[in-house]
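Examining the three-dimensional arrangement
What follows is each chain in one-letter form.
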2 protein chains.
Amino acid sequence: MTSDINRDPVRVAIDVMGGDYAPREIVKGAIQAVGQDGAELILVGSEDAILKELERYDVSALPVRVVNASEAIRDGESPVAALRQKPDASVLVAMRLVKEGQADAVVSMGHTGAVMVSAIKILGKLEGIKRPSAGSFLGGFAPNTVAFDLGPNADCKPRDLVNFAVIGSVVARKLLHINNPTIALLSNGSEEGKGNKLVRETYQLLKQSSLNFIGNVEGNNILQGKANVIVCDGFIGNILLKFCEGLGNSTIEWLRTRLGKYLTQKEIDAIGNDLFALTHIADVGGGAMIYGVNGVVWVGHGRSKAPEVAESIRQTKLAVEANFLGELKSELGEIAVKIQITGAHVYEPVNIKLL
Amino acid sequence: MTSDINRDPVRVAIDVMGGDYAPREIVKGAIQAVGQDGAELILVGSEDAILKELERYDVSALPVRVVNASEAIRDGESPVAALRQKPDASVLVAMRLVKEGQADAVVSMGHTGAVMVSAIKILGKLEGIKRPSAGSFLGGFAPNTVAFDLGPNADCKPRDLVNFAVIGSVVARKLLHINNPTIALLSNGSEEGKGNKLVRETYQLLKQSSLNFIGNVEGNNILQGKANVIVCDGFIGNILLKFCEGLGNSTIEWLRTRLGKYLTQKEIDAIGNDLFALTHIADVGGGAMIYGVNGVVWVGHGRSKAPEVAESIRQTKLAVEANFLGELKSELGEIAVKIQITGAHVYEPVNIKLL
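Residues numbered from 1 in each chain as written. Chains lettered and ligands numbered in written order. Predicted model: local features only at pLDDT ≥ 70, side-chain atom pairs only at ≥ 80, totals over all residues.

1. Considerations on the packing of helix α1 (residues 24-37) of chain B against helix α11 (residues 306-321) of chain B
All names here are of chain B.
- Look at α1 against α11: their axes get within 7 Å of each other, and the N-to-C directions meet at 50 degrees. Comparing the axis directions of α1 and α11 gives the class oblique. Considering only the axes of α1 and α11, their crossing is right-handed. Residue-level inspection shows E25, I26, K28, G29, A30, Q32, A33, Q36 and D37 of α1 in contact with α11, the latter providing A306, P307, E308, V309, A310, I313, R314 and K317.
- When its residues are assigned to classes, the contact of α1 with α11 shows eight nonpolar, three polar and six charged. (Axes fitted to C-alpha atoms, helices over the stretch in contact; angles between N-to-C directions. Helix = DSSP H or I, 4+ residues; strand = E, 2+ residues; numbered from the N terminus. Parallel < 35°, antiparallel > 145°, perpendicular 65-115°, else oblique. Left-handed = near helix turned anticlockwise from the far one by under 90°. Contact = placed C-beta atoms within 7 Å. Nonpolar A, V, L, I, M, F, W, Y, C, P; charged D, E, K, R; others polar.)

2. Points about the relation of the copies chain A and chain B
- Once chain A has been moved 0.0 Å along the axis and rotated by 180 degrees, it coincides with chain B to within an RMSD of 0.0 Å. Both chain copies can therefore be described as sitting about a two-fold axis. (Least-squares fit on C-alpha atoms with pLDDT ≥ 70 in both.)

3. What to know about the nonpolar core
- The biggest cluster of nonpolar side chains holds 233 residues, and the ones touching the most others in it are V231 of chain A together with V231 of chain B.
- Two domains each provide a minimum of three residues to this core, namely domain 1 (1-129 + 292-322) and domain 2 (137-284 + 336-355) of chain B.
- Apart from residues no more than four positions distant in its own chain, V231 of chain B is found in contact with F148, L161, F164, A165, G168, I183, A184, L185 and L186 of chain B. (Core = buried A, V, L, I, M, F, W, Y, C linked by C-beta atoms within 7 Å. Buried ≥ 20, exposed ≤ 12 C-beta atoms within 10 Å, placed from the backbone. Domains from an automatic or database assignment.)

4. Things to note about the sheet that holds strand β7 (residues 146-148) of chain A
Residue and element names in this part refer to chain A.
- One open sheet accounts for five strands, arranged β6-β7-β10-β8-β9; its pairing is mixed. Two strands bound the open sheet, and with one partner strand each, they are β6 (136-137) and β9 (213-217).
- Of the strand pairs in this sheet, β6 and β7 are connected by two bridges, and their pairing is antiparallel. In the sheet register, F137 faces β7, and the bridge partner there is V146.
- Packing against the sheet, helix α6 (residues 158-175) makes contact with β6, β7, β8 (183-186) and β10 (229-231), and its axis sits at approximately 160 degrees to β10. (Pairing = 2+ DSSP bridges.)

5. Comments concerning the pairing of strand β1 (residues 11-15) of chain B
All names here are of chain B.
- Most of β1 is tucked away, with five of its five residues classed as buried.
- Here β1 shows no split at all, with R11, A13 and D15 on one side and V12 and I14 on the other all buried.
- Note that β1 and strand β2 (residues 40-45) share five bridges and pair parallel. Considered in β2, the bridge of A13 is made with I42.
- Crossover connection from β1 via α1 to parallel β2: handedness right-handed. (Right-handed = clockwise from strand over helix to strand, strands pointing away.)

6. What about the sheet that holds strand β12 (residues 296-300) of chain A?
Residues and elements named next belong to chain A.
- Pairing in this open sheet of seven strands is mixed, and the strands run β3-β2-β1-β4-β12-β11-β5 from one edge to the other. Each edge of the open sheet is held by one strand with a lone partner, namely β3 (64-68) and β5 (133-134).
- Sheet topology places β5 next to strand β11 (residues 287-291); two bridges connect them, and they run antiparallel. Residue pairing for β11: S133 is matched across the bridge by Y291.
- In this fold helix α11 (residues 306-321) packs onto β1 (11-15), β4 (105-108), β11 and β12, with an angle of close to 160 degrees to the strand it touches most, β12.

7. Some thoughts on the interface of chain A and chain B
- Listed per partner, the contact involves 38 residues of chain A and 38 residues of chain B.
- When residues of the side of chain A that touches chain B are traced back to their parent elements, those giving at least two are α8 (234-258) and α9 (265-279) of chain A.
- The greatest single-element share of the side of chain A that touches chain B, amounting to 15 residues, is contributed by α8 of chain A.
- For the side of chain A that touches chain B, the residue count by class is 17 nonpolar, twelve polar and nine charged.

8. Focus: unusual backbone geometry
- Here F148 of chain A and D149 of chain A are connected by a cis peptide whose omega angle stands at 0 degrees.
- Looking at the element boundaries, D149 of chain A is found in the loop between β7 and α6.
- Despite not being glycine, N323 of chain A shows a phi value in the positive range, around 55 degrees.
- With respect to the element layout, N323 of chain A can be found in the loop between α11 and α12 (324-334).
- For H177 of chain B, which is not glycine, the phi dihedral falls at a positive 60 degrees.
- For H177 of chain B, the location among the structural elements is in the loop between α6 (158-175) and β8 (183-186).

9. Points about the packing of helix α4 (residues 90-99) of chain B against helix α5 (residues 112-123) of chain B
Residue and element names in this part refer to chain B.
- Put simply, α4 and α5 touch, their axes get as near as 9 Å, and they point 35 degrees apart. α5 is crossed by α4, and the crossing has right-handed handedness. For the pair α4 and α5, contact is made by V91, L92, M95, R96, V98 and K99 and by A114, V115, S118, A119, I122 and L123, respectively.
- When its residues are assigned to classes, the contact of α4 with α5 shows nine nonpolar, one polar and two charged.

10. Digging into the pairing of strand β12 (residues 296-300) of chain B
Residue and element names in this part refer to chain B.
- Counting buried positions over the five residues of β12 gives five, a clear majority of the element.
- Where burial is concerned, the two faces of β12 agree: the one with V296, W298 and G300 and the one with V297 and V299 are both buried.
- Pairing between strand β4 (residues 105-108) and β12: four bridges, direction parallel. When the sheet's bridge partners are listed, V107 is paired in β12 with W298.
- The sheet contact formed by strand β11 (residues 287-291) and β12 spans four bridges and is antiparallel. Residue pairing across strands places A288 opposite V299, the latter belonging to β12.

Below is the structure:
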C-alpha cells in the first residue's frame, strides 16, 4: 500500500439513462454496489424516473444522491450530433460532475461512442493521447495479455495504433504488473512486411519507438501469451471479442451433448459456466475502462443488468482507489516514443516525442 | 447425376516445390492420393528432386508423370517480383499445364500470394471477377455458412467485397446446395451505419444489388448460421480463422485438465480431436479453393504434410468431376448485380452489371 492511495469514499456518477435496461436495472445495480462496496453514488438522469425506481428500496441510510438531467442519448442516434443537440444529456451531466470535482468517476451503460465523445468533450484527453481507447485483459486463457483497441476506434491510422500501443503498455505495467511489457501488432503473418497497409505502416513506426515492440503476432497467437499487449484497430478488436464469445457459446452447446453420457447435468453446467467466463472476456468485467481521457470513465455493455452494473461500479472504485489515472499520466510522461517518419506513404507527417 | 459430369480420369498438376515440407511430403501425399482416388498426377518441379523422392515408392503401375521446372518460389519472396524473375517456377509451369489442356487442376502448398498471382497471370480471371478469392465453409459449428475472403486479399475496396459476395453466393448455392443464400457483411454492429468506412460503403453497394443481402452480422453471429455467406476482407478473414484455431487449442488444453477427474485419457483425446476438427476449419480441408480464376486451383497450407496433400488432391478432383468451374461461370453470368453509385465517397466510379 502506498501513500497516494485515496482513502476518502469514492464518489461514482452513474448515467442512469444509458443501457438496454435503463433506468430500472441501473438503479438496482447501483443499490447493490452501495451495499457491497460502500461507494458514494450519484444517480444522474431524469429525477422523476430515478425517484420512482428508488421507491423500491430503502435508501434512507445509504450514500446516494440524485442529480437531474433532462435529456438522454438514445441508441441509434449519432453520438456527436446527439451530444450537440442535448447539452443536458445524462452522460454529459455525469462527466461534468467529475470535471467540477463533485465525483471521482463515471459509469455508463450507454452508447460507447456517446460515452467516449462526451468524456473527451468534457474531461479532455491526457497529454500525448490523440485517441482514447477502450481495451481490456483477455481473460483466463491469456492472463498476461491486454488488447487495444477493443471497440471505440473503428477506422484508424498508423499513429492511432501507436497511440494504443502506448496506452496498452502502461495498462500492462499497472494492471498486470509486468515491468517491460512486450507489444505486438495483430497481423496476418508474423514476418515484417505481412499485414494490410495500416499494419505494415504501423510496423515501421513501432520499430522506431522506444516501446518493447516484438513484431507481428497472428490470430492463433492472441491467447498464447506471445505478447503482453496486442494492438489492433477497434473494428477488428470488436469482431474478435464477439467471435470469442460466439465460439465459446458454440463450444459450450456442443459440450452439453458431447459430455451428456459421461457427466451429470450439474457437472456439465459447471464446466459450461467456467468456459463461458473464459470466452466472454468483456462480460466478466461488464464493460471496459476508457483510457486516455482525463478522468476515470467506465463504459459498460448496453445489455448490462444489475450485477454487471454493480461490478462496473466496483471496477471504477478500485481504479480510483489505486490512483490509476495519476499513474497513467505519470507513465505516459516517462515513455519516450521517438518516431521518425521515413516513408512518404504515412498518412500524416508526425514527428513527435510522445503520441 | 447430370450428364455434364466429367467421367475421364482427372489430371491434377502438383507443385512439388511449394510448402514447408516440399518436396518429400508433397510427393508422399501425391502417391497416397493416387492409391485412394485414382487421379492422374503430374508432379511439377525439379526433375532430379522428384525422381529421387519417387525412388521411395513403386510407381511403375501408377498414373504419375513428371514435368520439370527449373525454378521455385521461396517463402518470403515477393510473389509478383519472384514470378517475373522466374518464368520457369514450378507453380507457373503447373498453371500452364492447365492452360494448355494437359491438366484439369493445380494443387500447390506454396505461398498463397504466389499461387494466386500465377493463377491470374496464366489462367486469367472469370468474366465479371475483379479479385479472385479464397474462402471456405466454416465447419461443423456453422455447416450452412461460407466466408469470403479468408486470406489472399488483405486490403480491399467496397467493390472487392461485393465481388466476394458474388463468389460466396455462387459457392453457397453449389457447395452447400442453398437455393437463395443470404449474404451478410461482417461488422461491429448490426445496424446500417455501423462498421468501418469500408463496410459502411460496401453496405450501400450490396443494398442496391440483386444479391440476397440481409445486412450486417457481428462477430458472435459468425457461427450462428445467421447468414449463408459472410463477407469480410482477407486480413480479418485470416485473423479470424487463426483465432478460431487458437481458441480451439486453448479450450482443448483447458478441457484436458478440467475433464481429467471424470474421463479416461482416451475419452478426453476423442473429445479433443473432435473439437480440433470443429475449430481448425482450414486444416480440415488442408487449404482452400481459389475461386474466380479460369481454372480449378487449390492452395494448401504451407505446413501441409502428406495426408493434407492427399486431401487437397481429392478436393480438386471432386471439383473437376462436379464441373464446379463450369457451374460457377454459368452462375456468375446469371447473377445480375446492378449497382448504381450514389455517393461521391466510393473509391472508384463503377457502373456495372456484374462485378
